[in-house]
Structure formats: structure tokens, C-alpha cells
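Okay, here's what each chain looks like letter by letter:
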Amino acid sequence: MNAAVQSPPRNPNRRWSGQAGIARFTLIIAFAEGGCLILASVVAYYLREQDLVAPFEYVLATFLATVLALNLLYFGKTYQWTTQPSVNTKQVPALLIWLFAVLIVIALLYISKSSGVYSRAWMLLYLAIGAFSIVITRSIAYVVVSRWRSEGYLREPLAVLGSGKTLRDTINLIMQDRSDSIRFAGGYVMDQDLNDAGGPGKLFGTYSELKLKIGKGELQNIVLAFEDPRSDLFERAVQELRLMPVNLTIAMPQIMGSTPMRVLGV
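Residues numbered from 1 in each chain as written. Predicted model: local features only at pLDDT ≥ 70, side-chain atom pairs only at ≥ 80, totals over all residues. Heavy atoms only, no water.

(A) Fine view of the packing of helix 2 (residues 56-75) against helix 4 (residues 120-150). Interaxial distance between helix 2 and helix 4 falls to 13 Å at its minimum, and their mutual angle equals 40°. With respect to the hand of their crossing, helix 2 and helix 4 are arranged in right-handed fashion. For the pair helix 2 and helix 4, contact is made by Tyr 58, Ala 61, Thr 62, Ala 65, Thr 66 and Leu 73 and by Trp 122, Tyr 126 and Arg 138, respectively. Residue composition of the contact of helix 2 with helix 4, grouped by class: 6 nonpolar, 2 polar and 1 charged. (Axes fitted to C-alpha atoms, helices over the stretch in contact; angles between N-to-C directions. Helix = DSSP H or I, 4+ residues; strand = E, 2+ residues; numbered from the N terminus. Left-handed = near helix turned anticlockwise from the far one by under 90°. Contact = heavy atoms within 4.5 Å. Nonpolar A, V, L, I, M, F, W, Y, C, P; charged D, E, K, R; others polar.)

(B) Seen up close, the pattern of salt bridges. Taken as a whole and judged by the stated rule, the model has 5 salt bridges. With its nearest N and O atoms 2.7 Å apart, the salt bridge here joins Arg 138 to Glu 33. Residue Arg 138 is found in helix 4, and its partner Glu 33 is found in helix 1 (residues 18-49); the two are separated by 105 residues along the sequence. You'll find Arg 138 and Glu 33 in the same group, each marked buried. Two residues, Glu 240 and Arg 236, come together in a salt bridge whose shortest N-O distance is 3.2 Å. Of this pair, Glu 240 and Arg 236 both sit in helix 7 (residues 232-241), 4 residues apart, which is roughly one turn of the helix. Connected through salt bridges with shared partners, the residues Lys 211, Arg 236 and Glu 240 form a single ionic network. (Salt bridge = Lys/Arg side-chain N within 4 Å of Asp/Glu carboxyl O. Buried < 20%, exposed > 50% of the residue type's maximum accessible area, 1.4 Å probe, protein only.)

(C) The arrangement of the packing of aromatic side chains in detail. Applying the stated criterion across every chain yields a total of 8 aromatic pairs. Relative to Tyr 58, the ring of Tyr 45 lies with its centre 5.1 Å away and its plane at 70°, an arrangement referred to as edge-to-face. Here Tyr 58 lies in helix 2 and Tyr 45 lies in helix 1, a separation of 13 residues in the sequence. Like Tyr 45, the residue Tyr 58 is buried in the burial classification. Plain terms: the ring middles of Tyr 58 and Trp 122 are 4.6 Å apart, the flat faces sit at 75° to each other, and that makes the pair edge-to-face. Of the two residues, Tyr 58 is situated in helix 2 and Trp 122 in helix 4; the sequence distance between them amounts to 64 residues. Of the two residues, Tyr 58 and Trp 122, both sit in the buried class. (Phe/Tyr/Trp six-rings, centres within 6.5 Å; stacked < 30°, edge-to-face > 60°.)

(D) Molecular detail of the nonpolar core. One finds Ile 29, Trp 81, Trp 98, Tyr 118, Trp 122 and Tyr 126 to be the most contacted residues of the largest nonpolar core, which totals 28 residues. Every element with two or more residues in this core is listed here: helix 1, helix 2, helix 3 (91-111) and helix 4. When neighbours within four sequence positions are excluded, Ile 29 is seen to be in contact with Tyr 79, Trp 81, Thr 137 and Ala 141. Grouped together as the second largest cluster of nonpolar side chains are 16 residues, Leu 161, Tyr 188, Leu 219 and Ala 237 included. (Core = buried A, V, L, I, M, F, W, Y, C linked by side-chain atoms within 4.5 Å.)

(E) Local environment of helix 6 (residues 207-215). Of all the positions in helix 6, only Tyr 207, Leu 210 and Ile 214 are classed as buried. For helix 6, the angular spread of buried residues about the axis comes to 55°, placing them on one side. Set apart from the buried face of helix 6 by more than 90 degrees, the exposed residues are Leu 212 and Gly 215. A positive backbone phi angle near 80° is found at Gly 217, which sits one or two residues after helix 6. (Arc of directions from axis to C-beta.)

(F) Highlighting the environment of Ala 237. When you line up the elements, Ala 237 lands in helix 7. Sequence-wise, Ala 237 and Gly 162 are 75 residues apart; in three dimensions their C-alpha atoms are separated by 9.0 Å. Leave out the neighbours within four places in its chain, and Ala 237 touches Leu 161, Tyr 207, Leu 224 and Phe 226.

(G) Region of the structure containing the pairing of strand 4 (residues 247-250). Bridging between strand 3 (residues 221-225) and strand 4 involves 4 bridges; their strand directions are parallel. Counterpart to Asn 221 in the pairing with strand 4 is Asn 247. Tracing the backbone out of strand 3, into helix 7 and back to the parallel element strand 4 gives a crossover that is right-handed. (Pairing = 2+ DSSP bridges. Right-handed = clockwise from strand over helix to strand, strands pointing away.)

(H) Up close: the confidence of the model for the chain. Looking at the chain, the pLDDT average stands at 79 and 77% of residues meet or exceed 70. Element-level pLDDT for the chain is lowest in helix 8 (residues 253-256), with a mean of 50, against a maximum mean of 94 in helix 2. Confidence over residues 1-10 falls short of pLDDT 50; this stretch has 27 contacts with residues more than four positions distant or in other chains. Confidence drops under pLDDT 50 across residues 196-201; counting only partners more than four residues distant or on other chains, this segment forms 11 contacts. (pLDDT = per-residue confidence, 0-100.)

Here you go:
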């Protein structure tokens, strides 16, 4: 294996990178989906009544269905596809949740004895157009996510902390991995171990700099790749990092050989 450490890729705009970028993008998709569901109600009412101004009862039913659907879509984890290795917008689960939300609203209207106010044709049109809008919204999101990931956005930044050949080999394994769910964010060494790991020209920072980035919320995924996992440096790193808001993974390239490593369990 070539032990030379490659240079890290260009860092994308932090606004659309890492957990903060994924959360921001997910929020935009949720708002877009909610807006489309409301628009679906307007279109359905216009097709049925040839009027854009619906009575209050229709507005209330639309509000209930939209809020309920968005909550179920969120808690049903249908927005988590932004963190998965392959982009899967979970359209089938989303459509089933939309159907379930509409059925709940219909049940509530029936229990409250107000279902007679609503047109059945409008309800069916609303259900169909709403389903269509979900498919369109998530299809567009698929294109955006695929393109942005190819440019380094909407990925989980990942850094490696370690020493010696193990550190260099682990970095090379990660950079050989073709997963589009992670973005290599640099290699780091313990402060007093800088020369042993290849020097600042080969790597990209010290342990102190790594902790500073963790404190700023820039890094949440850390791979530990120490030459000797029984060393004091390794124990110190584990003891200190386990108290920070990070996900730790221990890499052992000497056991894994040349197999690219799936570092994140996504």
C-alpha cells in the first residue's frame, strides 16, 4: 500500500456541510413538502368548485392534514435519506404516511360529525395531488442531493487522529472509499507526536487543533488510528474525546488490509 498521504479535498461551504448543512437542507425540504401539500388542497378545490377561495372548514382540514403529515414524515424518519450512502428519498414510506394522515383527518371529521360539509371528490383529489406533490418534491431533492454530494456538500465531515503508518494507511483507506456520505476533513496527530506521523507537510493538524474544531461544532466523526492501541497517547485520546460530542471509531488497517473502510454506520 502506498503510505503517502493524499491532500484533502476542497472544503465545501460550511453552511451546507456536515450535520448543520444536512439539518438546514432537511428543513427546506420539509417546508417545500408542506407548501406543496397546501397547494395540492387549493388545486383540488379549484378543480372541484372552480374557485380558489375555500371555506374555513376546508382550510382547517388542510391545516390538520399538512401538520399531521409533516410530523409523521419526520418521526417516521423519511427525511434521514440525506445522511445515507446512497440517495434514497423513501418515497413509498412517505406516500403511505400521507395516506395515513389523510385517513386520520377523515376519521376525525367523521367523529366530529362534520364530514358532510366536505366534498368527497375534493378529498380524493386532495389525496391524489398531495401524493403526486410528494413524489415530485422528493424527486427534485434527489437530483439536488446527488449533485451537491458530488461537489462535497451534504456530507458528514470525518477526521482521523492517530500516529505513524497506521494513521497514514487509514487516511488512504478512507480516501479510496467511494461512499458519498462522508467527507474527509483531515488527519491529526497528538501534539508531541507530530514528527513521527510525517510532519505538518503530510498531515493537516495537531490534536489541539482537532479539539478546537470539535468545540466549534465543525467535526462530529473521529477515527482513531494509532500505531499502538495500548499506548498512553491512545488512552488519553479515548478518555478525552469520549467526553466530547463526537462519534468515535477505532481503525486497524493492519487487520483490514487493503479493504476500503465504511467508517460511518449509515
